[in-house]
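# Results of the structural survey
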Amino acid sequence: MAELVFFSGTMDCGKSTLALQMHHNHAARGRDGILYTQHDRAGAATISSRLGLVRSAYEVGPATDFWAEVIAGRTHGRPVDYLICDEAQFYAAQQVEQLARVVDELGVDVYAFGITTDFRARLFPGSARFVELADRVEVLQVRALCWCGSRATHNARTVGGSMVVEGAQVVVGDVSAGAGEVAYEVLCRRHHMRRMTAAAARAASPSPQTLAATEDVTLDV
Ligand SMILES: Nc1ncnc2c1ncn2[C@@H]1O[C@H](COP(=O)(O)OP(=O)(O)O)[C@@H](O)[C@H]1O
Ligand SMILES: Cc1cn([C@H]2C[C@H](O)[C@@H](COP(=O)(O)O)O2)c(=O)[nH]c1=O
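Residues numbered from 1 in each chain as written. Chains lettered and ligands numbered in written order. Predicted model: local features only at pLDDT ≥ 70, side-chain atom pairs only at ≥ 80, totals over all residues.

Turning next to the site of ligand 1. With respect to spatial proximity, the complete set of residues near ligand 1 consists of Met11, Asp12, Cys13, Gly14, Lys15, Ser16, Thr17, Ser49, Arg50, Leu51, Val142 and Ala144. Residue composition of the shell around ligand 1, by class: 5 nonpolar, 4 polar and 3 charged. (Near = placed C-beta within 6 Å. Nonpolar A, V, L, I, M, F, W, Y, C, P; charged D, E, K, R; others polar.)

Structure (structure tokens):
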């Protein structure tokens, strides 16, 4: 039976890598799939993984109708066995409903990949609809880590190096150092709620010399 699966996690936990691996494995067995994405960091109509894999994909926009696209594909002779949907947090709730209908009425497997919550720890509307409708929500096995070593569960946004909790929900960006004025960092909930990024923690921590000279320093991070 076809299924709607939402592979979810923080930024930088391997979602796009898994999306392209799954496409590779299914295609290698002769299944026909279509790749979709929206606002990938590498540019429009692209699925890019930080491990270096890059593939062309259809760019999802406000006018994209997944039901109509699969029907059109089949009308033109494509079997369309599965869809790979990356950056799925950006899809409209209505598009997620179209994907569920494609699964149920056309027997197409839909594998969607996206972050669950934004920089304020609020659900993206698309992700919320996936959680509500998916047959399964899968958490990726590879753990992204907070600077403290705990599993990262939340996404922080920084502007000019400082964590912010206000701003537009959608701002394309990366987690790497030097990512630009707006950047992201994955944190555990504890440090997300305390707005304690790696830089803030470093700034709050005494240097080893200071520690040696101070007997009762308590780090409250
Ligand atoms: N230089 C590297 N060497 C090994 N693994 C890496 C390297 N750079 C990134 N990765 C892996 O790639 C993952 C990010 O993959 P990606 O598919 O881009 O994530 P996502 O789509 O979830 O943002 C990291 O969690 C890490 O495991
Ligand atoms: C937290 C958060 C992220 N984004 C953007 C930043 C990136 O362009 C993507 C996530 O991509 P990844 O492959 O999972 O790293 O989402 C955003 O627009 N708003 C946010 O709050």
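The strand order β5-β2-β6-β7-β1-β8 describes an open sheet built from 6 strands, whose pairing is parallel. Each edge of the open sheet carries a strand with a single partner, namely β5 (58-59) and β8 (136-139). In this structure, strand β1 (residues 4-9) lies alongside strand β7 (residues 109-115), joined through 6 bridges in parallel fashion. Following the sheet pairing, Val5 is matched in β7 by Tyr111. The sheet strands contacting helix α3 (residues 93-106) are β1, β6 (82-85) and β7, and the helix crosses β7 at an angle near 155 degrees. (Pairing = 2+ DSSP bridges. Helix = DSSP H or I, 4+ residues; strand = E, 2+ residues; numbered from the N terminus. Contact = placed C-beta atoms within 7 Å. Axes fitted to C-alpha atoms, helices over the stretch in contact; angles between N-to-C directions.)

The 3 strands lie next to each other as β10-β9-β11, forming an open sheet whose pairing is antiparallel. The open sheet has two edge strands with one neighbour each: β10 (162-164) and β11 (182-187). For this sheet the average axis-to-axis angle between neighbouring strands, irrespective of direction, equals 45 degrees. Pairing between strand β9 (residues 154-159) and β11: 6 bridges, direction antiparallel. Its bridge partner being in β11, Val159 is matched across the sheet by Val182.

Surrounding ligand 2, one finds 16 residues, the nearest of these being Met11, Asp118, Phe119, Asn155 and Val172. Residue classes in the shell around ligand 2 are distributed as 7 nonpolar, 4 polar and 5 charged. Each of domain 1 (1-142) and domain 2 (144-213) contributes no fewer than three residues to the shell around ligand 2. (Domains from an automatic or database assignment.)

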